[in-house]
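Okay, here's what each chain looks like letter by letter:
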Amino acid sequence: MSEYKRFCKTLELKNDPGLIEEYKKVHSPQEFWPEITKGMRDVGIVDMEIYLLGTRLFMVMDTIADFNHDQAMNELAAKPRQREWEAFVSRFQKTSSDATAAEKWQLMERIFKLE
């Protein structure tokens, strides 16, 4: 049995090279809001990576073994500054400024695993 759960998600950025560079900058360790990282850890996210190809983002999110995705995303949305963060980064994303992270980031279906 796995010691964690993995979720993969995708999101589309606006097709603007300047905005994409700024989006990368606000996700750097020096600029990323510490309250957001704390909130993620508080709900059971133990590791997260985001990759970029063109305007497409791909997220790999590892969580505790008994992680309930929908419950945790609702809990995360209620954390301090989370709504502010989502509104802040929405200017880079093909989404509305009042969308939650769960509404923006679409879960992907795994279709292959090397056994």
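Residues numbered from 1 in each chain as written. Predicted model: local features only at pLDDT ≥ 70, side-chain atom pairs only at ≥ 80, totals over all residues. Heavy atoms only, no water.

K.L.:
Give me the lowdown on the overall build of the protein chain, citing residues and values where you can.
P.N.:
In terms of regular secondary structure, the protein chain is built from 5 helices and 4 strands. Along the protein chain, helices and strands appear, N-terminal first, in the series β-α-α-β-β-α-α-α-β. Overall, the C-alpha framework of the protein chain stretches about 45 × 35 × 25 Å when taken along its three principal axes. Accessible area for the protein chain stands at about 7600 Å²; split by element, carbon and sulfur atoms hold 53% of it. In the protein chain, 17 positive and 20 negative side-chain charges are present, and the distance between their average locations comes to 2 Å. (Helix = DSSP H or I, 4+ residues; strand = E, 2+ residues; numbered from the N terminus. Areas by Shrake-Rupley, 256 points an atom, 1.4 Å probe, with all protein chains shown as cover. Lys, Arg positive; Asp, Glu negative; His and termini not counted. Charge placed at Lys NZ, Arg CZ, Asp CG, Glu CD.)

K.L.:
Explain the layout of surface pockets residue by residue, including any values.
P.N.:
Roughly 600 Å³ of volume is contained in the largest pocket. In terms of lining residues, the largest pocket is bounded by 30 residues, among which H27, F32, M40, M48 and I50 are the most central. Those elements that place two or more of their residues in the lining of the largest pocket are α1 (17-26), α2 (34-42), β2 (45-53), β3 (56-64), α3 (69-77), α4 (82-89) and α5 (101-104). With 8 residues, β2 is the largest single contributor of residues to the lining of the largest pocket. Taken together, the residues of the lining of the largest pocket sort by class into 20 nonpolar, 4 polar and 6 charged. (1 Å grid on protein atoms, 1.4 Å probe; cavity = no way out; pocket = protein on both sides within 12 Å on 5 of 7 lines; lining within 4 Å. Points joined across faces, edges and corners; volume = space filled by probe spheres on them. Nonpolar A, V, L, I, M, F, W, Y, C, P; charged D, E, K, R; others polar.)

K.L.:
Report on the sheet that holds strand β1 (residues 4-12), specifying residues and quantitative values.
P.N.:
Read from one edge to the other, the open sheet built from 4 strands follows the order β2-β3-β1-β4, with strand pairing classed as antiparallel. Among the strands making up the open sheet, the edge pair consists of β2 and β4 (106-107). The sheet contact formed by β1 and β3 spans 9 bridges and is antiparallel. Across the sheet, the residue bridging to K5 is T63, located in β3. In the packing of α3 onto the sheet, contacts are made with β1, β2, β3 and β4, and the angle to β1 comes to roughly 60°. (Pairing = 2+ DSSP bridges. Contact = heavy atoms within 4.5 Å. Axes fitted to C-alpha atoms, helices over the stretch in contact; angles between N-to-C directions.)

K.L.:
Hey, could you go over the packing of aromatic side chains for me, with residue numbers and the actual values?
P.N.:
Under the counting rule described, the total for this entry stands at 8 aromatic pairs. Aromatic pair W33 and F88: ring centres 5.4 Å apart, planes at 25°, arrangement stacked. Taken together, the residues W33 in the loop between α1 and α2 and F88 in helix α4 connect sequence positions 55 residues apart. A centroid spacing of 5.8 Å and a plane angle of 45° characterise the contact between W85 and F88, whose relative ring orientation is tilted. (Phe/Tyr/Trp six-rings, centres within 6.5 Å; stacked < 30°, edge-to-face > 60°.)

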